[in-house]
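Chains, contacts and geometry: an overview
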Amino acid sequence: MKNKFILLIFTLVFLFNINAKADEGMWFLSFIGKNYSEMKSKGFNLSVEDIYSINKSCMKDAVVSLDYGDCTAELISEQGLLLTNHHCGYGEIQAHSTVEKDYLTNGFWAMTKEDELPNPGKTASFFIRIENVTRRILSELKDDMKEEMREKIIKNISEEIECDAIVDTHYEAKVYSFFGGNDYYLIVYEVFKDIRLVGAPPESIGKYGYETDNWRWPRHTGDFCFFRVYSAPDGTPAEYSPNNIPYVPKYSFPISLEGIKENDFAMVMGYPASTNRYLTSWEVQQLIEHENDIRVEVRTKKIEIFKKHMLENEKIRIQYAAKLAQCSNNWIYSIGQNKSLKKFKVLKRKKLLQKKLTKWINQDYKRLKKYGKALDIIKYAITDNSNYNLINNYWLEAFYHGSEIQQFALANFALIGTFGVKKLLTETCDNLRTEGEIYFQNYNTVVDRELLITMFELFKKKVEPEYHPDIFKEIEEEYYGDLNKFADDLYSKSFLTNKKRYMEFLENPNERRFNNDIGIRTAMSIINLYWDIIDKKEVDDYNLIKGKRLFIAAYLEMLLSENKNALFYPDANSTMRLSYGQVGGYKADGKIHNFTTNLNGYMKKEKQRNKEFFVSEKLKELHKAKDYGRYADKNGNLITCFITNNDISGGNSGSPVINGNGELIGVAFDKNWEAMSGDIAFETELQKTICVDIRFVLFIVDKYAGASNLINEMNIINN
Ligand code: ARG
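Quantities reported herein were computed from a predicted structural model and do not represent experimental measurements.

It is worth spelling out the overall build of the protein chain at this point. Counting its regular elements, the protein chain contains 27 helices and 22 strands. In terms of overall dimensions, the protein chain has C-alpha extents of about 75 × 75 × 60 Å along its principal axes. Going through the 719 residues of the protein chain one by one, you find that 59% of them count as buried. Entry remark: accessible area of the protein chain is about 30,600 Å², with carbon and sulfur atoms responsible for 51%.

Looking now at helix 7 (residues 147-165). Relative to the 27 Å expected for 19 residues at 1.5 Å per residue, helix 7 spans 26 Å between its end C-alpha atoms, a close match to the ideal helical length. Among the residues of helix 7, Glu147, Arg150, Ile153, Ile154, Ile157, Ser158, Ile161, Glu162 and Ala165 are the ones counted as buried. The buried residues of helix 7 occupy an angular sector of 165° when the element is viewed end-on, so they sit on one face. Its buried side turned inward, helix 7 meets strand 6 (124-132), helix 6 (134-138), strand 7 (172-178), strand 8 (183-192) and helix 23 (518-562).

Before going further, it helps to examine the site of the ligand. The environment of the ligand is made up of His87, Lys207, Tyr210, Glu211, Asn214, Trp215, Asn329, Ser653, Phe669 and Asp670. Glutamate 211 places a side-chain nitrogen or oxygen 2.9 Å from a nitrogen atom of the ligand. Within the contact set of the ligand, a nitrogen atom lies 2.9 Å away from a side-chain nitrogen or oxygen of aspartate 670. Relative to its unbound accessible area of 350 Å², the ligand is 90% covered by the protein chains. For the shell around the ligand, the secondary-structure elements that each account for two or more residues are helix 9 (210-213) and strand 20 (664-671). Partitioning the shell around the ligand into residue classes produces 3 nonpolar, 4 polar and 3 charged.

Taken as a whole and judged by the stated rule, the model has 48 aromatic pairs. One aromatic cluster in this structure is built from Phe408, Phe419, Tyr439, Phe440, Tyr443, Phe495, Tyr502, Phe505 and Phe514. Sitting over the ring of phenylalanine 613, lysine 607 keeps its end group 4.6 Å from the ring centre. Residue placement shows lysine 618 over the ring face of tyrosine 704; its charged tip is 5.2 Å from the ring centre.

We now examine the packing of helix 15 (residues 374-400) against helix 23. Look at helix 15 against helix 23: their axes get within 8 Å of each other, and the N-to-C directions meet at 150°. The angle between helix 15 and helix 23 places the two elements in the roughly antiparallel class. Helix 23 is crossed by helix 15, and the crossing has left-handed handedness. Per-class residue counts for the contact of helix 15 with helix 23 are 19 nonpolar, 5 polar and 6 charged.

We now examine the nonpolar core. Within the largest apolar cluster, 212 residues are counted, with the highest numbers of intra-cluster contacts made by Phe226 and Met267. Looking at this core, the element that brings in the most residues is helix 23, giving 18 residues. If we skip the residues at most four places from it in the chain, methionine 267 touches Met39, Phe44, Ile51, Met59, Leu578, Ser579, Tyr580, Asn646, Pro656, Val657 and Ile658. Within the second largest apolar cluster, 16 residues are counted, among which are Leu138, Ile153, Ile157 and Leu186.

Locating isoleucine 335 in the fold gives a position in helix 12 (residues 321-343). Overall, the relative accessible area of 32% leaves isoleucine 335 in the partly exposed class. Along the primary structure isoleucine 335 and methionine 676 are separated by 341 residues, whereas in three dimensions their C-alpha atoms are 8.8 Å apart. Sequence-distant contacts of isoleucine 335, that is, excluding residues within four places in its chain, are made with Val296 and Trp673.

Quick look at the confidence of the model for the protein chain now. For the protein chain, mean pLDDT is 95; residues scoring 70 or higher make up 97% of the total. Within the model, the stretch residues 1-20 combines pLDDT values under 50 with 60 contacts to residues more than four positions away or in other chains.

Linking two cysteines covalently via their sulfur atoms produces the bond known as a disulfide. Evaluated as defined, the whole model comprises 1 disulfide. The disulfide that involves cysteine 71 links it to cysteine 88, with 2.1 Å between the sulfurs. Linking cysteine 71 and cysteine 88, the disulfide has an S-S dihedral of approximately -80° and is accordingly described as left-handed. Residue cysteine 71 is found in strand 3 (residues 71-75), and its partner cysteine 88 is found in helix 4 (residues 86-95); the two are separated by 17 residues along the sequence. Take cysteine 71 and cysteine 88: they sit in the same class, and that class is buried. Free of any disulfide, cysteine 691 has its nearest cysteine sulfur in cysteine 641, 8.3 Å distant. Since its relative accessible area comes to 0%, cysteine 691 is described here as buried.

Turning our attention to the packing of helix 10 (residues 281-312) against helix 18 (residues 445-462). Between helix 10 and helix 18, whose axes approach to 10 Å, the crossing angle comes to 160°. By the angle between their axes, helix 10 is roughly antiparallel relative to helix 18. Between helix 10 and helix 18 the crossing geometry is right-handed. Residues Glu297, Val298, Lys301, Lys302, Ile305, Phe306, Lys308 and His309 of helix 10 touch helix 18, and the partners they reach there are Val446, Val447, Glu450, Leu451, Thr454, Met455, Leu458 and Lys462. Class assignment of the residues belonging to the contact of helix 10 with helix 18 gives a composition of 8 nonpolar, 2 polar and 6 charged.

Okay, the pattern of salt bridges next. Scanning the entire structure with this criterion turns up 48 salt bridges. When the shortest N-O distance is used, the salt bridge between glutamate 172 and lysine 193 registers 3.4 Å. On the criterion of sequence distance, the pair formed by glutamate 172 in strand 7 and lysine 193 in the loop between strand 8 and strand 9 (194-200) is long-range, its members being 21 residues apart. Among the ionic contacts, a cluster of salt bridges with common partners joins Arg295, Arg299, Lys302 and Glu397.

A few words now on the pairing of strand 6. Strand direction decides the pairing type here: strand 2 (residues 63-66) and strand 6, joined by 2 bridges, are antiparallel. Each bridged residue has a counterpart across the sheet, and for serine 65 the counterpart in strand 6 is serine 125. Sheet topology places strand 6 next to strand 8; 8 bridges connect them, and they run antiparallel. Directly across from alanine 124, in strand 8, lies its bridge partner phenylalanine 192.

A few words now on the side chain of threonine 596. You can see threonine 596 is positioned in strand 17 (residues 596-598). Residues contacting threonine 596, with those up to four places away along its chain left out, are Trp217, Ile260, Ile639, Cys641 and Phe642.

Once that is clear, we can look at the environment of serine 274. Its place among the elements puts serine 274 in the loop between strand 13 (265-270) and helix 10. Residue serine 274 is classed as partly exposed on the basis of its relative accessible area, which comes to 40%. Linking serine 274 and threonine 575, residues 301 residues apart in sequence, is a C-alpha distance of 9.6 Å. Contacts of serine 274, omitting those with residues within four sequence positions, involve Ala572, Ser649, Gly650 and Asp679.

Side chains that are three or four residues apart share a direction in an α-helix, a result of its 3.6 residues per turn. With 27 residues, helix 15 should reach 39 Å at 1.5 Å per residue; the first-to-last C-alpha distance of 33 Å falls well below that figure. Along its length, helix 15 reaches its greatest deviation from straightness, about 60°, at serine 386.

Next up on the list: the environment of leucine 622. Within the element layout of this structure, leucine 622 appears in helix 25 (residues 617-624). For leucine 622, a relative accessible area of 10% corresponds to the buried category. Leave out the neighbours within four places in its chain, and leucine 622 touches Asp627, Tyr628, Phe699, Lys703 and Tyr704.

What counts as what
- Residues numbered from 1 in each chain as written.
- Predicted model: local features only at pLDDT ≥ 70, side-chain atom pairs only at ≥ 80, totals over all residues.
- Heavy atoms only, no water.
- Helix = DSSP H or I, 4+ residues; strand = E, 2+ residues; numbered from the N terminus.
- Buried < 20%, exposed > 50% of the residue type's maximum accessible area, 1.4 Å probe, protein only.
- Areas by Shrake-Rupley, 256 points an atom, 1.4 Å probe, with all protein chains shown as cover.
- Expected span 1.5 Å × (residues − 1).
- Arc of directions from axis to C-beta.
- Contact = heavy atoms within 4.5 Å.
- Near = heavy atom within 4 Å.
- Polar contact = N/O pair within 3.5 Å; in protein donor to acceptor, adjacent residues only side chain to side chain.
- Nonpolar A, V, L, I, M, F, W, Y, C, P; charged D, E, K, R; others polar.
- Phe/Tyr/Trp six-rings, centres within 6.5 Å; stacked < 30°, edge-to-face > 60°.
- Lys NZ or Arg CZ within 6 Å of the ring centre and 35° of its normal.
- Axes fitted to C-alpha atoms, helices over the stretch in contact; angles between N-to-C directions.
- Parallel < 35°, antiparallel > 145°, perpendicular 65-115°, else oblique.
- Left-handed = near helix turned anticlockwise from the far one by under 90°.
- Core = buried A, V, L, I, M, F, W, Y, C linked by side-chain atoms within 4.5 Å.
- pLDDT = per-residue confidence, 0-100.
- Disulfide = S-S within 2.5 Å.
- Salt bridge = Lys/Arg side-chain N within 4 Å of Asp/Glu carboxyl O.
- Pairing = 2+ DSSP bridges.
- Bend = angle between axes of the 7 residues up to and from the residue.

The structure is reproduced here in structure tokens:
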């Protein structure tokens, strides 16, 4: 039975790129040949080997993952120039900004390579190779194995495979699970670590429309910025050093000034981080009620606090800009996702699908034996864990993503066990000192104090006392329940809340002081609660993994039994994917949406008193003079953004949008409000990828910033 199971999975994998629809699908690159005829019919003019080849350099070599999956970026020059989204470089732009040198507000342009700014910790991962390791992993497993044991074995073999793969190289390797643990692939990467900031427009362009326009079309945002990959003089990855040189890539994208027409072929290559297209109805319900609703509830309060303080104080505005952006981006996402999940009746669709699957399973004894329990297992695991999942999500939002001392304390837990060991202690303190420098640069006690009080109050109100952290009892007993008094102590005494105290502590680290620190104790009590909940959830969580694996295998098998050419793609998991489709508008809620926006529309959105729609004098002048040069379209307008029906997700931000000739026409940066449940269920008619037009990018670089140094190193195809 085991072998047969493996055989079945092999068939699945082999077929995994035959699909019915063009737009839906985040295709696996090494199987892209299966989609080729359809791509060609849509207007792709090159060969499969131009996209993905193991023998020659090609597009796959020019698409990188930033920071192990946060974003995507593409190489656009032979000197390692990387193009990505402004919101992908936002953290770095913010970190280099001060009230005096405010790159957020004014933009940043390195006119020479010497001016480019290093970003310790930032990485760019290049794809080297992929290998199917399913057989090796599954052959060590038994069908009747306990799930916990199974997961342990998978983890161990994966680590072994990863180690073997990089022996005698400077590469990094990772084994990924696909289709809920039915398939496994090893991917090897070359990870570069000296990634410098090269250029970014001011926020008023790079973030134009801010949260009002976020996740919306029509859009006019110039959401792009540039980094450069640096290597050691021998071309290999190295930490930052002034001796490093611009990386010479195997491949970089040529840039098209041709522009786009409706129905033009468009493809996106990139690193989508996570989709959940194989969710069951119970999981969808949980997502709506116990994840999204809670996230929205808690973040509404956080955003209020951030905004209030940022408005009052210039320094805080800069310190908290990236934190606010991230917090509200996910907040809107959750609001939109719930709205769309309900609107498109995803729950009902899932139930119908499950009914159909059950019928199919029941038709055959062997199927029944193999898959008969899958749905019940999932249902039980989710319902039984429902309360813990709710608590866990409050924990995540109110504690883990609440006051910043929680995560900072976790970093400092590295000290545990080092106090007696001098060398280790010194090393750990050195690392923590660096971490502290970065942490306190963007930390304000007043903001954090208000966050902590608000989040503690909320958790107390929403979660039964049985699941409160121990520190709540201390607050009751020692501070008579007065959170303000507790916070007074915490913020005036803990070394986690003051840079001077922190650095002094690291100079003279003492175990007793560490253990007695009120911040450390608070964080410890909160983390203990977490482990408690995880412990209680564990049995059901393991069962859920098993149920999902069987459910997905059954579902795919059913699809194949209906149509032997049926094709499916695995959920996104931060591995490189390709999506192909076309440029085009859409109709929603009685409105027809054109597929492009332009600078005239940009100017119409201007609101003088609203920071979100501020337009600088310089941009106004360029617009007035229609000084667009070769970046104008055929009617003399400057296209700002356009939409396609590509299938993307978080992590794809910054992905290259490529035309039928393999040239860069834009950078993907968002999705649209009308189909926010796309990560769960793709909406063929409505779901769009929002891209900044490459001509808008070049116009800003060239005419607005005057950074001709960058223009000169790109390969721009002039027609
Ligand atoms: N919605 C975009 C994404 O998730 C991020 C856009 C960033 N802009 C903003 N205003 N927060 O990739």
